[in-house]
Amino acid sequence: MGITIDALKCTNCMACEMACSYHRDDGFAFLSACIVAYRAREKQDYFGVMLKEEENLVVARPEGLEISRIGEEQDPDKEADASAKPMLLREGCDLCEDMDDYGPMCVAFCPQDAITLVD
Amino acid sequence: MSLRLLCLNCAGPLMTTTKVISKIGIYAGGGTSHSWLWFVDLFENKGLHTLAFLNENDVQKGLDDLDVLVISGGDTFAVAEALGPSGADSIGKFVHRGGLYIGSCAGAYLPMKSSKKPLDLFNFVDVKITNLSKILPATVKESLKFCTSYGCDFIFHPVREEISMKSSNSVLPFCPLTFTAPLYGGPGMTVTDPSLVLATYHEFTTHTSFLVSEALAGEILLEKAAVVRVPMGKGLFYLFGPHLEHPKYPLANQFVSDIIRWETKPLECPESPASFSHREITPLKELSGKKKKTFVMDIKRELSNSRIVAVNLEFLPIRWMIGKKVYEPEKVRVFLESMWSRIKSLERIDRLRVFSGDLETIRAVSIKVTQGLRRLKRAVDDNQDSLGEATKIFSWLQQLSMAFYTMYFFTLTHKDNQPPPSV
Amino acid sequence: MEYLSTEKILIIDLASSAVEEEELEESLVSEKIGGIGITKYLYEKFENDDPIVIGCGLLTGTTYPASASGVITAKSPATGKLAHCPITYKVGVEIKFSGFDYIVIKGSAATPSYLWIHDGVADICDAADIWGKDVWESTEFLRELVGDDLLQTIMIGPAGEKQSDYAQVCYNHWNSPDRFGFGKAFGTKNLKGVAFRGMGLIECADVEDYVSRSLEILKEVKANDFLSKQGIAELASAIGEENLTDWLAPITHRHSADYFTPYATITALFMDEDPKIVEETKVAEPGILTSDIYALIALKKAGFSAEDAGRLLRETAKYGIDPLAVVELSGKTSLDDCTAAFDGLSGSLALKGKGIFSSWCPARPIFNDFGLSGDDAEAIAWWERRQAVAGIFGIQPLFALMCPELSEENMLELASLGTEIDLDQDLLDAVVAYVCD
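Reading the values: rules and limits
- Residues numbered from 1 in each chain as written.
- Chains lettered and ligands numbered in written order.
- Predicted model: local features only at pLDDT ≥ 70, side-chain atom pairs only at ≥ 80, totals over all residues.
- Heavy atoms only, no water.
- Helix = DSSP H or I, 4+ residues; strand = E, 2+ residues; numbered from the N terminus.
- Buried < 20%, exposed > 50% of the residue type's maximum accessible area, 1.4 Å probe, protein only.
- Contact = heavy atoms within 4.5 Å.
- Buried area = accessible area lost by both parts, 1.4 Å probe.
- Salt bridge = Lys/Arg side-chain N within 4 Å of Asp/Glu carboxyl O.
- Polar contact = N/O pair within 3.5 Å; in protein donor to acceptor, adjacent residues only side chain to side chain.
- Nonpolar A, V, L, I, M, F, W, Y, C, P; charged D, E, K, R; others polar.
- Phe/Tyr/Trp six-rings, centres within 6.5 Å; stacked < 30°, edge-to-face > 60°.
- Lys NZ or Arg CZ within 6 Å of the ring centre and 35° of its normal.
- Pairing = 2+ DSSP bridges.
- Axes fitted to C-alpha atoms, helices over the stretch in contact; angles between N-to-C directions.
- Right-handed = clockwise from strand over helix to strand, strands pointing away.

(A) Fine view of unusual backbone geometry. B:Pro118 follows B:Lys117 through a cis peptide bond whose omega is -5°. With a phi angle near 55°, C:Tyr89 is a residue other than glycine that sits in the positive phi range. With respect to the helices and strands, the residue C:Tyr89 is situated in the loop between strand S5 (82–87) and helix H3 (91–97). On the basis of relative accessible area, C:Tyr89 is assigned to the buried category, the value being 4%. Of note, C:Glu420 is a non-glycine position whose phi angle comes to about 60°, a positive value. Residue placement: C:Glu420 occurs in the loop between helix H16 (408–419) and helix H17 (425–436).

(B) Broad picture of the interface of chain C and chain A. Tallying the contact residues gives 55 residues for chain C and 36 residues for chain A. On the chain C side of the interface with chain A, the three residues burying the most area are C:Leu215, C:Arg254 and C:Glu280, jointly 17% of the side's total. Connecting chain C to chain A are five salt bridges. The interface formed by chain C and chain A includes 18 residue pairs in polar contact (both at pLDDT 80 or more). Contributing elements (two or more residues each) for the side of chain C that touches chain A: H3, helix H4 (135–146), helix H7 (207–223), strand S12 (252–256) and strand S13 (266–270) of chain C. Per-class residue counts for the side of chain C that touches chain A are 27 nonpolar, 15 polar and 13 charged.

(C) Structural context of the packing of aromatic side chains. Applying the stated criterion across every chain yields a total of 33 aromatic pairs over all chains. Seen in terms of ring centroids, B:Tyr327 and B:Phe394 are 4.7 Å apart; in terms of plane orientation they differ by 55°. Their pairing is tilted. Linking B:Tyr327 in strand S18 (residues 325–327) with B:Phe394 in helix H11 (residues 387–412), this pair joins segments that are 67 residues apart in sequence. One aromatic cluster is present, built from ring pairs that chain together B:Trp36, B:Phe53, B:Phe335, B:Phe404, B:Tyr405, B:Tyr408 and B:Phe409. For B:Arg342, the ring lying beneath its charged end belongs to B:Tyr408, and the centroid distance is 5.5 Å. Its guanidinium or amino end placed over the ring of C:Tyr434, C:Lys32 lies 4.2 Å from that ring's centre, counting from NZ or CZ.

(D) Highlighting the sheet that holds S12(C). Residue and element names in this part refer to chain C. In space, the three strands of this open sheet follow the order S12-S13-S14, with antiparallel pairing throughout. Looking at the sheet topology across the chains shown, the edges are occupied by S12 and strand S14 (287–290). For this sheet, the mean inter-axis angle between neighbouring strands, taken without regard to orientation, is 20°. With three bridges joining them, S12 and S13 adopt antiparallel strand pairing. If you follow Thr 252 over to S13, its bridge partner there is Leu 269.

(E) Looking closely at the pairing of strand S2 (residues 51–54) of chain B. Residues and elements named next belong to chain B. What you see with S2 is no split at all: Leu 51 and Phe 53 on one side and Ala 52 and Leu 54 on the other are buried throughout. In the sheet, strand S1 (residues 24–27) pairs with S2 via four bridges, with the strands oriented parallel. Following the sheet pairing, Gly 25 is matched in S2 by Ala 52. Each parallel crossover has a hand, and the one from S1 via helix H1 (residues 36–45) to S2 is right-handed.

Next up, the structure:
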């Protein structure tokens, strides 16, 4: 089971970010969400969604999905360090495993159904 | 320097009739990662507030006024390099005269006997590492390099994340029967004397992440020592393979605080309040009223400014190699969030106690961090080299954190900021 | 006021550079609820100082659908009356998370200044580097200065600096619902703008039930079929105005939404890039984002091509001037003539109802009839009430006109649930009457 995101359906409303943060923080905030509405290119009207999973970073761009491994160094001179301590600031997506009533919160709260749970 | 001691009501299951004051030094100097901040949280939560924050120079000058020295995770070789012969000598003398050394992960590897330079400066504890090999085993996760060179050999990491431990010793009456904690590169250990082993790696959990086959991981770790207690002179080395200080493992945290209370000898409690610092003393200032409010607002302003930039850096595809370790932008926020989470406490209290040297450091370095981060972001946006800036920023963050926490815990331990005694 | 709140009111005196905080008392919320109920109260409290009051709705920034908006309350230089302008895009939500529910700005600065509000810190900063710059340059300058691409701004351009009656406050780069000349109100205070950024956490009483009910309400909203539509052109058609769809289609890029707003009310028009482009454009300024139905309608009626309409909107957004005022009051029908007329406008735009709420918003239901008969007077009364309720709770004002599923009843229900204060219909009626007076 995993999350898939259709960035062309997304309207950049940040509902996913708020819903995920509620799952983490039991209040309303944005800072600890593992799913983030990318909105740093407002003038270019370029937006999408980024999802941090346990081992992958999923970037849902309008032109397609991009998945990269977290901690993996492309540069052979740089070591990816298996002893690296986790930052604990944004934990990887756990599909809201403890929230049986809703399933993943981002899926439940997306007004555009741009985020779905797939096998 | 004569020591005057603070009286604290220490919370926790080991309440004694005499007041126990443990002067704890946390090493935050060269080679450390951010896991020493987990010890800060642990000690604060457990009422162990007499803390000093040490860089390598502080350790080298001597540890006479400490009861406990804590070295957490990072790059063991870099820690050893930073501490050098005089740092190693200080640690040796400290433990010999009765000090308690707690080493977690890299801090556990540091005092183990080794022929590898510069670890051979330490050579205090005769403990064998079980995850050390001349030949690397096959990995199940091909894309992660899971080893570090160790002279001609390799330290490899069979698992990451949570692992379950079982106590194996009745020396300490409070050792939990089973508990979990995460492993991020710490050692499996063997010792010749089984009475030195307090807990062994017992079993893997559903949260354990395997970097080699489960069978091989079991061979390397299970039934091997996870926590050892090794006397030297009048003192002790406690070596933790996993991070017992990790904030999500309360049972392991309690174990750490119980160790300190158990092993630290009770001292007389004088009547007058006092100050404690391991570092060079500059005049102590007490800020209250408008001056205190302004100073706290100044810290808050810069931490906020820095955090805002740091959040922007988080998802950028950039990392820096500083020394032998890879640093991610997220790590900047770890330091900032740790301090930020304490701002509200500082806003609420009436009096702030800070050494004037630390006051200046906090003011100046917090601004440097903000400005440095802004320059860093511009460099990254312009596709320019940012390694130099990043190196400075991480150094400033360590410096700022140490000064901040010195102030924070001094303030916390001021009698006016103490909670009233419970009836 | 522990819940759904930052607990703080910021009072800034630009003349003396004094920055003070007051606690947001629960008693005030029990009496005036939030949003424009409280901004009006604060305006009256500090009326002698001619304040501009910026605030958030009680539900702003939560999981209640469309809880997107903030508000600016001030005396309108255009009408002379107290008026309320919604703060849309992501700016409204950022205000609450930057540490203050309400911001009272009194007095005038001696030299051009801007406010930098971040994480409960309020700094009055020298605007020398941005005074004279247009809105886009100013927002970008501050974003680069602060190192934050997500900094949100309320900003004036040259129109506000020159204290034009038609000066508009803009949000980040975009025209706003300001038809009141609030840009002039800022300019007369030597206030270039306000920048917000914050990473706060808003506590909620009974948060599990609040979130659960929010989701139930969202599901009801999603069942309404108007959500199959998107963008500004559909809104124009829905209110029986000009068909903008075919006119705008050749330059329409994508549609986006305010915070948590199920209908995408923002349309991106690309005049200088292929609007079909999916990947990130290399063009620095490909077009404009807009929610201004009436400005577009006026431009179409005036015979503008869609491209020139977009370009004029871009110029008005940069200049910080009301595009509807430019088109309707200049009488010009070309891009260059309209642009040249920015500083020479005279006359006034028609108000809707009592002129308290922005005529940027259609004064009638959109997509759904809300059970109204079609009578104009009834529609205006309904509209003013609906805008008042949206302003009190912080609901996106256009979406409030579309969605009967966002009822006063469930807004009160969630407000009471989230704050543990008993907020009932009688109270809401009283506050609506107060703000509409």
